[in-house]
Amino acid sequence: MNAQRTLRRPVSCTGIGLHSGNKVTLSLRPAPAEYGIRFQRIDLGGLEIPATITHLGGMQQYQTGLMREAVSVETVEHLLGALRALGVDNAVVEVNHPAGPIMDGSAPPRVRLLLNEAGIKALSAPRRYLKVLRPISLAQGDKRIALFPAEHLKVTYSISFDHPLLRHQSRTMRITEESFVEEIAPARTFGFLKEVEMLRQRGLALGGSLDNAIVLGETGVLNNALRFDDEFVRHKILDVIGDLSLVGHPVIGHIVAHRGGHALHTAFAAKILEERDAWRLVEAAADAAVPVAAGTRVGAAARLAN
């Protein structure tokens, strides 16, 4: 049996909220089988907000947020991507602020938190996967995304910007725990200097800095060197993994996206669930049933810390 998994022990971290600039505490706690991933706003009485598409929040242009009874959590995509890619099906995520800490704008701090500090353990219930049976697609202007049948999770992503460093990038990757830790998790969020200035005028991105995002000026990157030549498109793959986790099950299929973003990803997650004849739930995946050995995962996460 390919079992559902949760955390072995509770862990916490603190950091700066991307948009608020405030100090934020985030805690991860184990949860029973079939619980799923649920956020709790402990500053507002612990109201639970399930990480599902039915609880999608408002504007999804620059981040993905969830909402329930006018209570929200924001910028959840990187944490959800790490939880999904590392096979954590059930967990409580406690935050004392609408947005969790941005950390360094990528997923390695969350990977280290999950693998090195919390640990992962199997539960007694089987994991169910959403296996795609026929293509599903969605287009919004020149942005498009589709999901095709496959025997494992694969992502093909392409981006195109009117910028000398970032005109076109494309990458195809089979997503496993190992490939996520080594090749996707380190890719940082990015933005353009003119957009950062506009966001701050609107009271957003107050916690953003060169320490937690790649910032592009007119001719190049304002930060130090990139972690990958194609770090930008790799971060888009991280985003789409986190956003599509809102369907509530690990996906078995080939995601193909062009010029997407959080709004397109989350609209597509809703469309997947609407097209009920395009997929079925299965209890075994061709390759997901074999977790990476604990020592390998921890070692990979440790290398990201260096």
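**Brief notes about the environment of glutamate 183**
You can see glutamate 183 is positioned in helix 3 (residues 177-184). Remark: the alpha-carbon pair of glutamate 183 and histidine 235, spanning 52 residues in sequence, is separated by 9.8 Å.

**Describing the confidence of the model for the protein chain**
Across the protein chain, pLDDT averages 85, with 83% of residues at or above 70. A low-confidence stretch, residues 287-306 (pLDDT under 50), is modelled with 35 contacts involving residues beyond four sequence positions or located in other chains.

**Regarding the pattern of salt bridges**
Scanning the model with the defined rule gives 16 salt bridges in all. Residues lysine 271 and glutamate 275 are paired through a salt bridge, measuring 2.9 Å at the closest nitrogen-oxygen approach. On the basis of relative accessibility, which here comes to 22%, the residue lysine 271 falls in the partly exposed class. For glutamate 275, a relative accessible area of 17% translates into the label buried. A single network of salt bridges, built from pairs that share partners, joins Arg134, Lys271, Glu275 and Asp277.

**Focus on the packing of helix 1 (residues 77-85) against helix 5 (residues 231-244)**
How two helices pack is summed up by the angle between their axes together with the distance between the axes. Orientation of helix 1 relative to helix 5, taken along the N-to-C sense of each, is 80°, at an axis distance of 7 Å. Overall, the two elements helix 1 and helix 5 adopt an arrangement that is roughly perpendicular. From helix 1, Glu77, His78, Leu80, Gly81 and Arg84 reach across to helix 5, where they touch His235, Leu238, Asp239, Ile241, Gly242 and Asp243. Broken down by class, the residue content of the contact of helix 1 with helix 5 amounts to three nonpolar, four polar and four charged.

**Quick notes on the pairing of strand 5 (residues 47-50)**
Both strand 4 (residues 37-41) and strand 5 contribute to a ladder of four bridges, which runs antiparallel. Across the sheet, phenylalanine 39 pairs through a bridge with isoleucine 49, a residue of strand 5. Linkage of strand 4 to strand 5, two consecutive antiparallel strands, is achieved through a turn of five residues, within which glycine 45 is found at a positive phi near 85°.

**Regarding the packing of helix 5 against helix 6 (residues 262-274)**
The geometry of helix 5 relative to helix 6 is characterised by a closest axis approach of 9 Å and an angle of 35° between their N-to-C directions. Crossing of helix 5 over helix 6 shows right-handed handedness. Here Lys236, Asp239, Val240, Asp243 and Leu244 of helix 5 come into contact with helix 6, specifically with His262, His265, Thr266, Phe268, Ala269 and Ile272. Grouping the constituent residues of the contact of helix 5 with helix 6 by class yields five nonpolar, three polar and three charged.

**Quick word on the packing of aromatic side chains**
Given two aromatic rings, their pairing is described by the distance between the two centres and the angle made by the two planes. Tallied over the full model, the rule gives two aromatic pairs. On the basis of an interplanar angle of 85° and a centroid distance of 6.0 Å, the ring pair of phenylalanine 161 and phenylalanine 190 is categorised as edge-to-face. Residue phenylalanine 161 is found in the loop between strand 13 (154-160) and strand 14 (168-174), and its partner phenylalanine 190 is found in strand 15 (residues 190-192); the two are separated by 29 residues along the sequence. Here phenylalanine 190 falls in the buried class, since its relative accessible area comes to 16%. Their ring planes at 90° and their centres at 5.1 Å tell us that phenylalanine 190 and phenylalanine 232 sit as a pair that is edge-to-face. Here phenylalanine 232 lies in helix 5 and phenylalanine 190 lies in strand 15, a separation of 42 residues in the sequence. Joined through ring pairs, the aromatic side chains of Phe161, Phe190 and Phe232 make up one cluster. Above the ring of tyrosine 35, the side-chain terminus of arginine 38 is found at 3.9 Å from the ring centroid. Sitting over the face of the ring of phenylalanine 228, arginine 234 holds its NZ or CZ atom 3.9 Å from the ring centroid.

**So, the sheet that holds strand 11 (residues 136-140)**
Strand pairing in a sheet relies on backbone hydrogen bonds. The paired strands run either parallel or antiparallel. Ordered by their spatial adjacency, five strands build an open sheet running 11-12-18-13-14, and the pairing between neighbours is mixed. Whereas interior strands pair on both sides, the edge strands pair on one side only; in this sheet they are strand 11 and strand 14. Pairwise comparison of adjacent strand axes, ignoring direction, gives a mean angle of 5° for this sheet. Against the sheet, helix 5 engages strand 12 (143-148), strand 13, strand 14 and strand 18 (254-258), with an angle of about 125° to strand 13. Docked against the sheet, helix 6 engages strand 11, strand 12 and strand 13, running at close to 145° with respect to strand 11.

Definitions and limits used
Numbering of residues starts from 1 in every chain and runs along the sequence as written. Two thresholds apply to this predicted model, a pLDDT of at least 70 for residue-level local features and 80 or more for giving and counting side-chain atom pairs, whereas whole-chain, interface and lining totals are computed over all residues. Computation of side-chain values covers all heavy atoms of the structure but excludes hydrogens and water. Each helix is a run of H or I in the DSSP string that is no shorter than four residues. Each strand is a run of E no shorter than two, and both are numbered from the N terminus. Across the chain, each position has a pLDDT score giving the predictor's confidence in that residue, from 0 to 100. It only takes one pair of heavy atoms within 4.5 Å for two residues to be counted as in contact. Should a side-chain nitrogen of Lys or Arg be within 4 Å of a carboxyl oxygen of Asp or Glu, the pair is scored as a salt bridge. Using a 1.4 Å probe on the protein chains alone, a residue whose accessible area is under 20% of its type maximum counts as buried, one over 50% counts as exposed, and one in between counts as partly exposed. To define axes, lines are fitted to C-alpha atoms, for helices over the stretch in contact only, and angles between the resulting N-to-C directions are given on a 0 to 180 degree scale. Angular relationships are summarised with four words: roughly parallel below 35 degrees, roughly antiparallel beyond 145, roughly perpendicular across 65 to 115, and oblique for the angles in between. The residue classification treats Ala, Val, Leu, Ile, Met, Phe, Trp, Tyr, Cys and Pro as nonpolar and Asp, Glu, Lys and Arg as charged. All others, Gly included, are polar. Between any two strands, at least two bridges found by DSSP are needed for them to pair. Crossings are classed by handedness, with left-handed meaning an anticlockwise turn of the near helix from the far one by less than a right angle and right-handed meaning a clockwise turn. Stacked, edge-to-face and tilted are the three classes for Phe, Tyr and Trp ring pairs, Trp counted by its six-membered ring, which pair at centre distances within 6.5 Å; planes under 30 degrees apart are stacked, over 60 edge-to-face, the rest tilted. Placement of a positive charge over a ring is assigned whenever Lys NZ or Arg CZ falls within 6 Å of the ring centre and within 35 degrees of the normal to the ring plane.

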